[in-house]
Structure formats: structure tokens, C-alpha cells
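Analysis of the macromolecular model
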Amino acid sequence: MIERDLEIATADGGMPCFVVHPDEGGPYPVVLVYMDALGIREELRDMARRFASAGYYTMLANLYYRDGCPSFDPSVLATGTLDPRMMALNDALSMAMTAGDTRAMLDFAARDANAGARAAAVGYCMGGRHALAAAATCPDRIGAYASLHGGRLVSAGADSPHLLVARTNAESYFGWAEDDPVAPLAHADALEAALVARGLHYRIEHHKGAEHGFTFPERYCYQKQAAERVWSRLFALFRRNLERT
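What comes next concerns the included structure. (Residues numbered from 1 in each chain as written. Predicted model: local features only at pLDDT ≥ 70, side-chain atom pairs only at ≥ 80, totals over all residues. Heavy atoms only, no water.)

The first and last C-alpha atoms of helix α4 (residues 126-137) sit 17 Å apart over twelve residues, in line with the 16 Å expected at 1.5 Å per residue. With twelve of twelve residues buried, α4 lies mostly within the body of the structure. Burial in α4 covers these residues: Met126, Gly127, Gly128, Arg129, His130, Ala131, Leu132, Ala133, Ala134, Ala135, Ala136 and Thr137. Where the residues of α4 are buried, they touch β3 (28-34), α2 (84-92), α3 (95-110), β5 (115-124) and β6 (142-148). (Helix = DSSP H or I, 4+ residues; strand = E, 2+ residues; numbered from the N terminus. Expected span 1.5 Å × (residues − 1). Buried < 20%, exposed > 50% of the residue type's maximum accessible area, 1.4 Å probe, protein only. Contact = heavy atoms within 4.5 Å.)

Structural data, given as C-alpha cells:
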């Protein structure tokens, strides 16, 4: 595979981005990966490589570039203690910000002969709502999106992420843990109502016995069976929506 660490120009400055794709046979459909609140680390890079090894032009941007690109140790999550700075960064990263970042990534991809026209967005934890925002920002370019143990997808406010479903045109997948404090069942119900109203194909799945963050192989809560099921769901989603001629 070909791997590159590069910088993409945005309205807010240069955004570091890890780009990885197969070394021959392109162009390849684009997969935008939206990080969790822990920031960029080798674990996420390895997940981007797995997308690329399946035949996708994968882009993993550092969404904390406005704040110096910090990252946090996943091992602290096992203690139940959340770093206040990490949570502040999570709170400060608005969907409007990542909407601009998404446009910048897709514009960069459009200039790369290795990247195809079709794209998908995948977000983990914090990134789940930003993947949804990406699909709403570029509905003509993003044909599939997924949120994995995504938090704060539903709120009581007029700017609740789930309301963005009305602006999407993509098939979606929402994979949650069976019992996730940041994604109660009421959130899934509200999200499903929005998806039904929009008339879009979707799958909402709660993985039995899994905990929040279960897809990350280096995290204490990793559940291999559920994580592998998610990979299967994602690749099937991409085949249906990204690989048509």
C-alpha cells in the first residue's frame, strides 16, 4: 500500500491527514475516517490501513489541528476518569468545523488520480456525529456513512445532530454497544424516526454484551466478535453504495 502524511489547507489552517490506499488498480472509492476524542494514534492508523487493504482510498484527518493536534492515552479510560482537556476539545469541535474539513478533504481527493468520485464517512465515538454531519454537508458526494458507538447524536436542541438526517442522501449504519451511557435507547428511537421520515436505507444495531468503544482493538473494552461484525457491516455497506459503475 501507499501511505502519506500530508497537510490539507482549510479555512482554519493546515490540517494533518494520513492518506493510505492500494498501490495499483485505482482509482478507489474514498473513505473518510473521523477520529474519536482520544485523537490520532497508531491504533486509528491501523484501522485506516484495514479500509485501504480492502480497496479504499482512506483519509484520516487530525481534527484537533486547531488546538495543536494533541492525543490522549486510551489506557486511562479503563479507570473511568476522563481527561478534562480531552472533553473540552470534544465539546469545542463543532459540526460546522468538520463540515469545512470534510469539503477540504473531498476537494483534495478530487485532485488525486488515485481517488474515485464516490465517498463514504465513518466516525468512531465523537466522530460518529461528525460522519453524519459530513453526509449532510456533501450529500451529492457521500453515498454511505456509519457511526460506531457514536455519542451525542440526539439532543433536545434545535441543532441536534440527528436532525441532519433530513439533509442526507446516503445509506447508513449505526452500531452501538448493548448498554451505552452516551447513547441511550431513546436516542436510537429518535434517530430511527428521522431516518424513516427521510425514506433512507439504514441499519441500527446494538451489539449484545459490548461496551462503549468496543471496536478499538487496543482498548480495555474491545470485543472482537462485535468489532468484526461491524467490519463486515461496513464493507457490505460500501459494496452496495460505492462500487457501482
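Moving on from the coordinates now.
A few words now on the side chain of Arg129. Secondary-structure assignment places Arg129 in helix α4. Buried charge Arg129 goes without a salt bridge, the closest partner of opposite sign being Asp91 at 5.7 Å. Not counting the four nearest positions on each side in its chain, Arg129 is found in contact with Asn90, Met95, Gly151, Arg152, Leu153 and Pro161. (Lys, Arg positive; Asp, Glu negative; His and termini not counted. Salt bridge = Lys/Arg side-chain N within 4 Å of Asp/Glu carboxyl O.)

Contact geometry for α3 and α4: axes closest at 9 Å, N-to-C directions at 60 degrees. Judged on the interaxial angle alone, α4 and α3 are oblique. The handedness of the crossing between α3 and α4 comes out as right-handed. Residue-level contacts link Met95, Thr98, Ala99, Thr102 and Arg103 of α3 to Arg129, His130, Ala133, Ala134 and Thr137 of α4. Grouping the constituent residues of the contact of α3 with α4 by class yields four nonpolar, four polar and two charged. (Axes fitted to C-alpha atoms, helices over the stretch in contact; angles between N-to-C directions. Parallel < 35°, antiparallel > 145°, perpendicular 65-115°, else oblique. Left-handed = near helix turned anticlockwise from the far one by under 90°. Nonpolar A, V, L, I, M, F, W, Y, C, P; charged D, E, K, R; others polar.)

One key point about sheets: their strands pair by backbone hydrogen bonds, in either a parallel or an antiparallel sense. Strands sit in the order β1-β2-β4-β3-β5-β6-β7-β8 across an open sheet of eight strands; the sheet is mixed. Where the open sheet ends on each side, the last strands, each with one partner, are β1 (2-10) and β8 (202-207). Here the average twist between neighbouring strands, direction ignored, is 20 degrees. Two strands pair when backbone bridges link them, and β5 and β6 are joined in this way by six bridges, in the parallel orientation. For Ala120, the partnering residue across the bridge sits in β6 and is Ala144. The sheet strands contacting helix α1 (residues 42-53) are β1, β2 (13-21), β3, β4 (57-61) and β5, and the helix crosses β2 at an angle near 50 degrees. Of the strands in this sheet, β1, β2, β3, β4, β5 and β6 are in contact with α3, which crosses β1 at around 125 degrees. (Pairing = 2+ DSSP bridges.)

Before going further, it helps to examine the packing of aromatic side chains. Under the definition given, this model contains ten aromatic pairs. With centroids separated by 6.4 Å and ring planes inclined at 5 degrees, the aromatic side chains of Tyr56 and Phe235 adopt a geometry described as stacked. Of this pair, Tyr56 sits in the loop between α1 and β4 while Phe235 sits in helix α6 (residues 224-242), and the two are 179 residues apart along the sequence. The residues Tyr56 and Phe235 share a single accessibility class, namely buried. Geometrically, the ring pair formed by Trp231 and Phe235 is stacked, given 5.7 Å between the ring centres and 25 degrees between the ring planes. (Phe/Tyr/Trp six-rings, centres within 6.5 Å; stacked < 30°, edge-to-face > 60°.)

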